[in-house]
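So the chains spell out like this:
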Amino acid sequence: MSEDKHLLKLLRHGDSNALRRLYEKYRTDLFTVALSLIHDVHAAEDCLQDVFVRLAEGAADMEIRRNLKGYLVSSVANRARDQLRKKTKLLDRTENIGCSASAINPVKVLIDREESARVFDTLMKLPYDQREVFVLRVQAGMKFKEIAKLQNISTRTVISRYRYGIEKLKVLLERDGAK
Amino acid sequence: MKSERQIKQLAKKICIKPDATVDERVLARAESALAKSTKNQDAVQLMRPLTWRIIMKNPITKLSAAAVIIVCIALTIIFMEKSVTPAYSFEQTLQAMQNLRTMYMVCKDWNDEEFEIWIELDPDTGIPRYCRAYWPRIKILNISRPDTSYQFSERANQVQINSGQLYHMDLAPAKVFEQFLLAAQENPERVVIFHEYDQQSKKSLIVIITRGDGQSYKFYIDPDTKLPVRVQGLEDNTLGAVIRDVDKIEFNVDLPEGIFDFEIPQGASIIDHNHDQKLLNDPQNGISTKGMTEQQAAENIATMYWNALISMDKTTARKVAPVSPQMSDGSSIAKLVEVGTLYIQPGCGIGKLIPCRIRYKDGSLKEWKLIIKARNIDGHPSCVIAGFYSSPVVIEQAK
C-alpha cells in the first residue's frame, strides 16, 4: 500500500497526524499551483485551506481512484476558478484576470530566483485557460489526459492551449527581457 | 529567445511555501473539520435505527422525514457536484452544438404566449433549414422552408406565403451562442457563471447570465452534455426576438414525418408576401451606394427617409422604404435627432440595423431600428430600407 493510501485510511478514522503528514507533504506544491493560477496570496491561502478542510470533512466517504496528489491539484484548480469568479464575477476566458499589482507584489519576495520570478510574473499575462493548462502540466506534472478530464474538454484542446501558452510565454519573456 | 525546455525548467523551479501562520490556520481548521466529521459519523451510526423507527410510526412524520431526506440528498448533490465540477467554458457548449441535427423546443414569446418549435438544422452551417412553430392558444402555424414559407392563422383562415425562410439566424443555437461568446469576450463583466440545483433534472446546472444591450439571458447548461436545457429572457424585448423563454429543449430528436409539410386549407384567403420582395429588389427603389461605406450609405438612406416623412414627401419615403407600412406619414414627428451605428442583429437575417432617435411633437424621444438591405443589382451597389426591426424603444416620455 502506498504512503498516501495508508494515510487516507488513517484519516478516515480521524487520525489528525495523518492529516498533518499529508499537509506537510503537499502544501508547497498546492500553494505554488494556486498562486501561479490566481496570483493573489490571500486567495491562494484560502484555496489551500478549502482543499484541506474538504479533505478532512470528506475523508470518510472519499475514494481516490487515481493518485491523491492529482486529486488535490484538481481541487485547487477548481477552487482557484471559484475564487476568481467570486472576486471578479468574470468568465473564465478573461485575460489577465485578477491581475492587480497589490495582489502580485507580495509574491515576488517569496521567489528567490529572478529568472523563475520572471516566468511567474509573465504567466499572469496568459489567458486563464492557457495559464491553467501550463501550470497543471508543468508545475503540477499532470498528464494532458488528466487535465482534459478535469476541464471536461478534449485532450486536443488541452494540447493546443498548452502550445499557445508556451508560444505566448516565449514572446512575452523575450519582449520583457528586451526592455 | 528562451526555448520551451528552458521555460519549463524555470517554471518548475517556482516553489512558494505558505507562511507558517497560514500552516497553523489551515491545519487548525482542517483538524476541526476532521474532528466534527468523525463525531458526526459516530452519531449517525448510533442514531440511525432509532430515528427510522420514530419516523415510521407516524405518516405525517414519515412525509416530513422524506422531505428532509430529499433535501439532504439535494444538498449532498450540490456539495458533491460543486466540489468536483470541472471548469466550464463557452467553447464546450459550442463544441457540443457542432453536431446538432434537430431540435424541439417549448417556448414562450414576448406576449407570454406558449408555442412549440420543431427544427431541422443544416449540418454544415448549423442554421435552421426547416422549422415549424405552432402557437396552440391563438392557433397560428408557421412553416419555414428553404423554398417557400407559410404563416397560417387558423382563426382567420388566412395564409401568408413568403419566398424563402421565415426563421434564419434567430434559431441557430450555435450561432446565437457564438454571439454571446464574442460579446462576453469583449465585455467579460457582463457575464456571470454559477451553479444552481435543478429540481426537475436533479442536477446542479451551470447557469450563465449574459447581459447585453437589450438582450440579457439566463442559460441553464447541463453539466454532462454541455447543452442548454432552459433559457430565460431577462428584460424587455427591445430587439424583436421571437423567443423570450425556452422552457424545454431536446436535441437530435426524431422528427415526426411530414412535420414541415403544409397544404393550404380550402377556402383560405392568401396574402402573397413575395410582392414585398419584388419591391425590395426593384432597382428603382432604394439609393445607390457607390463610393460609400456601409455606414455612410445607411446614414444617408435613414436621413432621407425620416426627412421625407417629416416633409410629407411620400414618393421619396416609398422609394427608400417601399415596404414600411408601420409609419405612413410623419405628421407626429418633430425631428430626426440622431442616427447611430450600423450593426448586425443575430435575429435578423434580412440586413443590418441602424438605430435612429426621433423626437416627436409631444416631446417624447423614441429609438427606431431600420433594417438596411444591401443589394448589388447588375453590379450596381445600392441599399433599401426593408422595414423596422421590432417596436420603437421609448427613451424619453411625452411631456
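Everything here concerns the structure above.
Quantities reported herein were computed from a predicted structural model and do not represent experimental measurements. (Residues numbered from 1 in each chain as written. Chains lettered and ligands numbered in written order. Predicted model: local features only at pLDDT ≥ 70, side-chain atom pairs only at ≥ 80, totals over all residues. Heavy atoms only, no water.)

Caption draft 1: Broad picture of the pairing of strand β2 (residues 114-121) of chain B. Residues and elements named next belong to chain B. As paired elements, strand β1 (residues 102-109) and β2 share seven bridges and run antiparallel to each other. Paired with M105 across the bridge in β2 is I117. Taken together, the six bridges between β2 and strand β3 (residues 128-135) define a ladder with antiparallel strand orientation. Bridge pairing in β3 links I119 to C131. Here β2 folds back onto β3 in antiparallel fashion, the turn holding six residues, of which G126 has a positive phi close to 80 degrees. (Pairing = 2+ DSSP bridges. Helix = DSSP H or I, 4+ residues; strand = E, 2+ residues; numbered from the N terminus.)

Caption draft 2: Structural context of the nonpolar core. Counting 66 residues, the largest nonpolar core has L11, L30, F52, L55, F134 and L136 of chain A as the members making the most contacts within it. A per-element tally of this core places helix α2 (residues 16-38) of chain A first, with twelve residues. In contact with L30 of chain A, other than residues within four places in its own chain, are L48, F52, L72, V73 and V76 of chain A. M103, F115, I117 and L227 of chain B belong to the second largest nonpolar core, which has 27 residues in total. (Core = buried A, V, L, I, M, F, W, Y, C linked by side-chain atoms within 4.5 Å. Buried < 20%, exposed > 50% of the residue type's maximum accessible area, 1.4 Å probe, protein only. Contact = heavy atoms within 4.5 Å.)

Caption draft 3: Summary view of the pairing of strand β9 (residues 217-221) of chain B. Residues and elements named next belong to chain B. A large share of β9 lies buried, amounting to five of its five residues. Residues Y217, F219 and I221 of β9 are buried on one face, and the alternating residues K218 and Y220, pointing to the opposite face, are buried as well. Here strand β8 (residues 203-210) pairs with β9 via five bridges, running antiparallel. Of the residues in β9, the one forming a bridge with I208 is F219.

Caption draft 4: Quick look at α2 of chain A. Residue and element names in this part refer to chain A. Along α2, the largest kink reaches about 50 degrees and is centred on Y26. The N-cap of α2, judged by a side-chain oxygen 2.8 Å from the amide nitrogen of N17 a few residues on, is D15. Downstream of α2 by one or two residues, H39 has phi in the positive range, about 50 degrees. (Bend = angle between axes of the 7 residues up to and from the residue. Polar contact = N/O pair within 3.5 Å; in protein donor to acceptor, adjacent residues only side chain to side chain.)

Caption draft 5: Spatial organisation of the packing of aromatic side chains. Residues and elements named next belong to chain B. Summed over the entire model, instances satisfying the criterion amount to 13 aromatic pairs over all chains. Members of the aromatic cluster, each reached through a chain of ring pairs, are Y305, W306, W368 and F388. Across from the ring centre of Y220, 4.4 Å away, lies the NZ or CZ of R230, which sits over that ring. Sitting over the face of the ring of Y360, K366 holds its NZ or CZ atom 4.7 Å from the ring centroid. (Phe/Tyr/Trp six-rings, centres within 6.5 Å; stacked < 30°, edge-to-face > 60°. Lys NZ or Arg CZ within 6 Å of the ring centre and 35° of its normal.)

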